Amino acid sequence: PVSHIADRRILLKKMADLNVNSAPEYKKYQTYALNVDPEQDDKATEIKLCNFSRPHMRAFHCSWWSFFIAFFIWFAIAPLLSEIKETLDLTKQQIWTSSIAGVGGTIFMRFVLGPACDKYGPRILFTVILCFASIPTALTGLVSSAAGLAVLRLFIGFAGGTFVMCQYWTSRMFTKDVVGTANALVGGWGNLGGGVTQLVMGSVLFPLFKTGMSAETAWRSVSVVPAVVAFSTGVAVWFISDDAPKGNYTDLKKHGNMPEVSAAASFRSGALNFNTWFLFVQYACCFGVELTMNNAAALYFREEFGQSTESAAAIASIFGWMNLFARGLGGYMSDKLNETMGMRGRLLVHTVCLLAEGVLVLVFANTPNLAGSIVVLVFFSIFVQAAEGTSYGIVPYVNPPCTGSIAGIVGAGGNTGAVAFGMGFRQLDYKQAFVVMGCTIIASSFLSVFIRIKGHAGLVCGQDDHAISKGTLSIPEPEVGAGEDDDEA
């Protein structure tokens, strides 16, 4: 009977809770270099950027650096696309098909890696994905057709899934008072890889390689450099960091301080929350825009303004360089408005950033000269990155026990947006594609009105429950008795 199964589940859950609560507390570190809140699982209440001590700041720096390298290899090929297009005699549509494949493959990975973080922790997943994605990156020189380029970029795109671990890790290490800033900084500095790779690959390494060989041989061999760095980073992260303030997930489970987590239960809980999907759409309209610009910017400035490969790559890199501070600024503003206005403050600054971003896209689309386009690009980029930062100032509040899954779903929204916008750029001319993008972003900003998180004020109504706002990021409950249903059936 259904009631018997339900009673059995409740009993097993209580037994699991009792086992975890009765186990002696395990802590890998007895003292910390940062101030922590014992009521929030020893999470740090402050961020010291020049500190590299374990576990908090080591995780912080490993998080952004690993995502930076992932982003670097993900878009290492972007500034070389004009050369590849010429060598392989590809059309604009074929180039954009490969770009869509590059961001599309990450959608699946982000959905998978979210609940996997809740179950296995971020450290091992960073290692697996970086080491795997470095292999197709090193094989870039073997591409000989449009289909081969699309498949290659599909597998390289798996590196983009590391964003989930990046955001999850800092959510596990820092309290809610500073998590918006922490998430924004590691996400922004990681995204910076998209700008640095434009400059390093297109304006430094490619010309350097080209001095001793043909242009074709240069683009076919240059990607080996970032591939080696990515593989080495993946291995290093495994040995020098920790999953959580009190230690690695394997040790916490071994000592009975953490229950075995069901990835399926975590994903289901996150996916059934409507707020997750509102943020999914809004993140499609900020991070999706950044990914699209990473693919489009160099080609746009070369084709629309007649710039060389090296010059177009340098100009395109400006968009990514804004990540140095803009995403962190968005997270910082989110935290500051949260202090005075609660969740309403976070939603307000988030909405303003999206609205300003959409308007600036329309201005960019209608700027006819190179100098003006570069100036607008700078401010356009700042609001794109800031909106990304404000997005993940909200994510840890949606349903704390399922933060990994929610971070993964929302992150997948960014790649979904990139695929959708990429289809627009594939089929339309640049101006039309930018106008569609801008109008879509403006429309998405109004979704903030519908975001209502339990215990927190909405944008236009409701009040914050301070008891809930002081809660901690808990661990998803194990889905005990999952196999009982089959037995009863």
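What you are looking at is a predicted structure, and each value in this text was computed from that prediction instead of being measured.

Remarks on the overall build of the protein
Inference 1: On a plain count of helices and strands, the protein comes out with 22 helices and two strands.
Inference 2: Relative to the 2.2 N^0.38 estimate, which gives 23 Å for 489 residues, the radius of gyration of the protein is 23 Å and therefore close to what a compact globule would have.
Inference 3: With the principal axes as the frame, the protein shows a C-alpha extent of 70 × 50 × 45 Å.
Inference 4: A fraction of 81% describes how many contacts in the protein between residues 6 or more apart in sequence connect residues 24 or more apart.
Inference 5: On the protein, roughly 18,200 Å² of surface is accessible, and the fraction owed to carbon and sulfur atoms is 66%.

Thoughts on the packing of aromatic side chains
Inference 1: Evaluated as defined, the whole model comprises 38 aromatic pairs.
Inference 2: Seen in terms of ring centroids, Phe 163 and Tyr 283 are 5.7 Å apart; in terms of plane orientation they differ by 20 degrees. Their pairing is stacked. Of this pair, Phe 163 sits in helix α7 (residues 162-173) while Tyr 283 sits in helix α13 (residues 274-284), placing them 120 residues apart in sequence. Like Phe 163, the residue Tyr 283 is buried in the burial classification.
Inference 3: The ring centre of Trp 238 lies 4.3 Å from the NZ or CZ of Arg 123, which sits over that ring.
Inference 4: Across from the ring centre of Tyr 397, 4.9 Å away, lies the NZ or CZ of Lys 176, which sits over that ring.

A word on the nonpolar core
Inference 1: If you look at the biggest cluster of nonpolar residues, it comprises 124 residues, and the most contacted ones within it are Ile 84, Phe 174, Met 293, Phe 364, Phe 380 and Phe 434.
Inference 2: Listed in part, the five residues of the second largest apolar core include Ile 107, Ala 271, Phe 280 and Ala 412.

Here we look at unusual backbone geometry
Inference 1: Each neighbour pair has its own omega, and for Arg 54 with Pro 55 the value is 0 degrees, a cis peptide bond.
Inference 2: Note that Pro 55 resides in the loop between β2 (43-44) and α2 (56-74).
Inference 3: Even without glycine at this site, Asp 89 takes up a positive phi of about 55 degrees.
Inference 4: Relative to the elements of secondary structure, Asp 89 occurs in the loop between α3 (81-88) and α4 (92-120).

Side note on the environment of Ile 406
Inference 1: Mapped onto the elements, Ile 406 comes out in helix α19 (residues 403-427).
Inference 2: Between the C-alpha atoms of Ile 406 and Val 178, which are 228 residues apart in sequence, the distance is 19 Å.
Inference 3: Those residues in contact with Ile 406, other than ones at most four positions away along the chain, are Gly 270, Thr 276, Val 395, Val 398 and Asn 399.

Topic: the side chain of Ser 373
Inference 1: Relative to the elements of secondary structure, Ser 373 occurs in helix α18 (residues 370-398).
Inference 2: Each residue touching Ser 373, except ones within four places of it in the same chain, is listed here: Phe 301, Phe 305, Phe 364 and Thr 367.

Points about the packing of α2 against helix α8 (residues 179-210)
Inference 1: With their axes 7 Å apart at the nearest point, α2 and α8 run at an angle of 35 degrees to one another. The two elements α2 and α8 meet at a crossing, and its hand is right-handed.
Inference 2: Split by residue class, the contact of α2 with α8 holds 14 nonpolar, seven polar and no charged.

Here's the deal with a nonpolar patch on the surface
Inference 1: Residues Tyr 120, Ile 124, Val 128, Phe 231, Val 235, Trp 238, Phe 239 and Ile 240 make up a contiguous nonpolar surface patch of roughly 740 Å² in combined accessible area.
Inference 2: Sorting the residues of the nonpolar patch by element identifies α5 (122-138) and α10 (224-240) as the ones contributing at least two each.
Inference 3: Looking at the nonpolar patch element by element, the count peaks at five residues for α10.
Inference 4: Along the chain, the position of Val 235 falls in helix α10.

With respect to helix α15 (residues 309-321)
Inference 1: An ideal rise of 1.5 Å per residue puts 18 Å on 13 residues; α15 measures up with 18 Å between its terminal C-alpha atoms.
Inference 2: Of the positions making up α15, those classed as buried are Thr 309, Ala 312, Ala 313, Ile 315, Ala 316, Ser 317, Phe 319 and Gly 320.
Inference 3: Turning to α15, the residues buried within the fold contact α3, α8, α14 (287-305) and α18.

A word on the pattern of salt bridges
If charged atoms from side chains of opposite charge come close, those side chains can pair.
Inference 1: A complete count under the given rule lists 13 salt bridges for this structure.
Inference 2: Across the pair Asp 242 and Arg 54 runs a salt bridge, and its minimum N-O distance is 3.1 Å. Separated by 188 residues along the polypeptide, Asp 242 in the loop between α10 and α11 (249-254) and Arg 54 in the loop between β2 and α2 bring together distant segments of the chain.
Inference 3: Judged by its relative accessible area of 0%, Asp 242 is buried.
Inference 4: Notably, a salt bridge pairs Glu 310 with Lys 210, separated by 3.1 Å at the nearest N-O pair. Here the residue Glu 310 occupies a position in helix α15, and Lys 210 occupies one in helix α8, the gap between them amounting to 100 residues.
Inference 5: Here Lys 210 falls in the partly exposed class, since its relative accessible area comes to 30%.

Side note on the side chain of Asn 323
Inference 1: Looking at the secondary structure, you find Asn 323 in the loop between α15 and α16 (326-341).
Inference 2: Look at Asn 323 and you get buried, because its relative accessible area is 0%.
Inference 3: Leaving out residues up to four positions away in the same chain, Asn 323 has contacts with Gly 188, Trp 189, Asn 191, Leu 192, Glu 290, Gln 385 and Glu 388.

Points about the packing of α13 against α18
Inference 1: In the contact formed by α13 and α18, the axes pass within 11 Å of each other and the chain directions differ by 170 degrees. Judged on the interaxial angle alone, α18 and α13 are roughly antiparallel. Every pair of crossing elements has a handedness; the one defined by α13 and α18 is left-handed. In this structure, α13 contributes Asn 275, Thr 276, Leu 279 and Tyr 283 to the contact, and α18 contributes Glu 388, Ser 391, Tyr 392, Ile 394, Val 395 and Val 398.

Cut-offs used in this document
- Residues numbered from 1 in each chain as written.
- Predicted model: local features only at pLDDT ≥ 70, side-chain atom pairs only at ≥ 80, totals over all residues.
- Heavy atoms only, no water.
- Helix = DSSP H or I, 4+ residues; strand = E, 2+ residues; numbered from the N terminus.
- Rg over C-alpha atoms; globule rule 2.2 N^0.38 Å.
- Contact = heavy atoms within 4.5 Å.
- Areas by Shrake-Rupley, 256 points an atom, 1.4 Å probe, with all protein chains shown as cover.
- Phe/Tyr/Trp six-rings, centres within 6.5 Å; stacked < 30°, edge-to-face > 60°.
- Buried < 20%, exposed > 50% of the residue type's maximum accessible area, 1.4 Å probe, protein only.
- Lys NZ or Arg CZ within 6 Å of the ring centre and 35° of its normal.
- Core = buried A, V, L, I, M, F, W, Y, C linked by side-chain atoms within 4.5 Å.
- Axes fitted to C-alpha atoms, helices over the stretch in contact; angles between N-to-C directions.
- Left-handed = near helix turned anticlockwise from the far one by under 90°.
- Nonpolar A, V, L, I, M, F, W, Y, C, P; charged D, E, K, R; others polar.
- Patch = residues over 30% accessible without salt bridge, like charges linked within 9 Å, V, L, I, M, F, W, Y side chains within 5 Å.
- Salt bridge = Lys/Arg side-chain N within 4 Å of Asp/Glu carboxyl O.
- Expected span 1.5 Å × (residues − 1).
- Parallel < 35°, antiparallel > 145°, perpendicular 65-115°, else oblique.

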